[in-house]
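Coordinate inspection notes
Okay, here's what each chain looks like letter by letter:
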Amino acid sequence: MSQRLNVLYIAYPLLPVSRESCGGAEQMLWLLEREMHRRGHRTTVACCAGSRVSGALALTSPGAVESDGFERCNAAHIAGICELIRTREKTGDPFDLVHDESGSFWMHAAEISTPVLATLHLPRSFYPAQAWCNLAPNVSLNCVSCAQTATFEGIANIAQVVPNGIDLEQYPPRKKKGDYVL
Amino acid sequence: MAQQANAKLILAGKLYPFSYHQQYCQREVAPRMQRANGRAIFVESPSLGKKVGLLRKARALLVPSLADETSSLVAMEAMACGTPVIALRRGALPQIVADGVTGFVVDSPEEMRDAISRVKEIDPRDCRNRAEHYFDGSRMCDEYEELYQRVVIEAARSAA
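Residues numbered from 1 in each chain as written. Chains lettered and ligands numbered in written order. Predicted model: local features only at pLDDT ≥ 70, side-chain atom pairs only at ≥ 80, totals over all residues.

Residues and elements named next belong to chain B. Here chain B is described as being made up of domain 1 (1-45) and domain 2 (46-159). Each of domain 1 and domain 2 has a C-alpha centre, and these two points are 22 Å apart. Classifying every residue of the side of domain 1 that touches domain 2 gives seven nonpolar, two polar and no charged. (Domains from an automatic or database assignment. Nonpolar A, V, L, I, M, F, W, Y, C, P; charged D, E, K, R; others polar.)

Okay, structure coming up:
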């Protein structure tokens, strides 16, 4: 029997997480958090306004109006998350694990002691080259495909590959097709 | 491509209020839509229900991405719907699409155009079977749950 965990999920600060999310990372986070909540784990999602999740919401960003505001928005997002984690530690209700789906929180993991699992959703070239130097010891990384993993050769903290999946029931098959390509 | 293959094109997606999204759409997408003379339409911000409907009824899903995609949820979703996927050979796409079985992996726009006329060779049941076998979200959640336990145990050992 696996241990029931208290997990903090971290979303990208500009896009809401919900069943209707368009972004792949947000869709994956929504599906995973719903399932972990259903399996009895305590889940909290640090995300922007407009998000709807199964567990607790920690709104740390107003969400996107313009991408130009990313740096400011992300700085507030990260500060809010670190404060939340420290507050939980002080009150005796710490998170067991941070699952970072935001793409960048893990670069600030040295500011906390909680173990951080960061899912890398992007190609390696999309991350700053210096991100791989001096990775905090509490960070583990995972890729989402074997093809992606092959490009991360030499990065010691890659824990394993967890290929993405979808909610199959939401996409029932249909044999008869229309006259368009999508 | 779709026009040359005598197929209607539906472009669906969310246009965010980011300046570079808006500018790219105006510069690259809008002129092409106009030139298509009604053979191409843009469905902006489809709801989940609308997206599923579009995927289920499509003759094929085109993934003409130039980025080295690390995954492709939409390709998985299309296959689950029994819809063939025609994708450029970038990143993980050749691992997701079984070439000649659940769609086609191509190397150029011309090959993509030619593949559109070949989608009748693809059996929708093979698409669904591949989705059930490889892209089940429950399997993904099982693997993350195991990984969580491992990361937490290793962190506790390191701290001891």
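Having seen it, we continue.
Residues and elements named next belong to chain B. Residues Gly103 and Val105 point to one face of strand E5 (residues 103-106) and Phe104 and Val106 to the other, with burial holding for every one of them. Pairing between strand E4 (residues 85-88) and E5: four bridges, direction parallel. Paired with isoleucine 86 across the two strands is phenylalanine 104, which belongs to E5. (Buried ≥ 20, exposed ≤ 12 C-beta atoms within 10 Å, placed from the backbone. Helix = DSSP H or I, 4+ residues; strand = E, 2+ residues; numbered from the N terminus. Pairing = 2+ DSSP bridges.)

Time to look at the sheet that holds E4(B). All names here are of chain B. Taken together, three strands build an open sheet; the order of strands is E3-E4-E5 and the sheet is parallel. The open sheet terminates on both sides in strands that have one partner only, identified here as strand E3 (61-63) and E5. Geometrically, the sheet is characterised by an average inter-axis angle of 10° between neighbouring strands, direction not taken into account. On top of the sheet, helix H5 (residues 109-116) reaches E3, E4 and E5; it is set at about 165° to E5, its chief contact. (Axes fitted to C-alpha atoms, helices over the stretch in contact; angles between N-to-C directions. Contact = placed C-beta atoms within 7 Å.)

Many analyses report the size of an interface as the accessible area lost when the parts associate. On the chain A side, the residues contacting the 58 residues of chain B number 54 residues. Those elements giving two or more residues to the side of chain B that touches chain A turn out to be strand E1 (8-13), helix H1 (19-35), helix H2 (48-57), E3, helix H3 (73-80), helix H6 (124-134) and helix H7 (137-159) of chain B. Considering each element in turn, the side of chain B that touches chain A owes the most residues, 13 residues, to H7(B). Pairing of strand E8 (residues 180-181) of chain A with E1(B) involves two bridges; the strand directions are parallel. Bridging across to E1(B), A:Val181 finds its partner in B:Leu9.

An ideal rise of 1.5 Å per residue puts 33 Å on 23 residues; H7(B) measures up with 33 Å between its terminal C-alpha atoms. Taken together, the buried positions of H7(B) are B:Gly137, B:Met140, B:Cys141, B:Tyr144, B:Tyr148, B:Val151, B:Val152 and B:Ala155. Buried residues in H7(B) make contact with strand E1 (6-10), helix H1 (24-38), strand E4 (97-100), strand E5 (116-119), strand E6 (139-143) and strand E7 (158-161) of chain A. (Expected span 1.5 Å × (residues − 1).)

One can describe the packing of H1(A) onto H7(B) by two numbers: an axis separation of 10 Å at closest approach and a directional angle of 70°. Taken together, the axes of H1(A) and H7(B) lie roughly perpendicular to each other. Of the two possible hands of crossing, H1(A) and H7(B) adopt the one that is right-handed. Between H1(A) and H7(B), the residues in contact are A:Leu31, A:Leu32, A:Glu35 and A:Met36 and B:Gly137, B:Cys141, B:Tyr144 and B:Glu145, respectively. Looking at the contact of H1(A) with H7(B) residue by residue, the class counts come to five nonpolar, one polar and two charged. (Parallel < 35°, antiparallel > 145°, perpendicular 65-115°, else oblique. Left-handed = near helix turned anticlockwise from the far one by under 90°.)

This part is about the pairing of strand E2 (residues 40-44) of chain B. Residues and elements named next belong to chain B. Direction of pairing for E1 relative to E2: parallel, over a ladder of five bridges. Paired with leucine 11 across the strands is phenylalanine 42, a residue of E2. Between E1 and its parallel partner E2, the chain crosses via H1, and the hand of that crossover is right-handed. (Right-handed = clockwise from strand over helix to strand, strands pointing away.)

With that settled, the discussion passes to the environment of A:Arg38. Within the fold, A:Arg38 resides in helix H1. In sequence terms A:Arg38 and A:Gly55 are 17 residues apart; their C-alpha atoms lie 9.3 Å from each other.

A few words on the nonpolar core. One finds A:Ala11 and A:Leu97 to be the most contacted residues of the largest nonpolar core, which totals 48 residues. The set of elements that each furnish at least two residues to this core consists of E1, H1, strand E2 (42-48), helix H2 (70-90), E4, E5 and E6 of chain A together with H7 of chain B. Those residues within four positions of A:Leu97 in sequence are excluded, and the remaining contacts are A:Leu5, A:Val7, A:Thr114, A:Pro115, A:Leu117, B:Tyr148, B:Val151 and B:Val152. Listed in part, the 43 residues of the second largest apolar core include B:Ala75, B:Ala78, B:Phe104 and B:Ile116. (Core = buried A, V, L, I, M, F, W, Y, C linked by C-beta atoms within 7 Å.)

One non-glycine residue, A:Asn134, adopts positive backbone phi at about 55°. Note that A:Asn134 resides in the loop between E5 and E6. Of the residues examined, A:Asn134 has 8 C-beta atoms within 10 Å and is grouped as exposed. The phi dihedral of B:Asn37 falls on the positive side, at around 50°, and the residue is not glycine. With respect to the helices and strands, the residue B:Asn37 is situated in the loop between H1 and E2.

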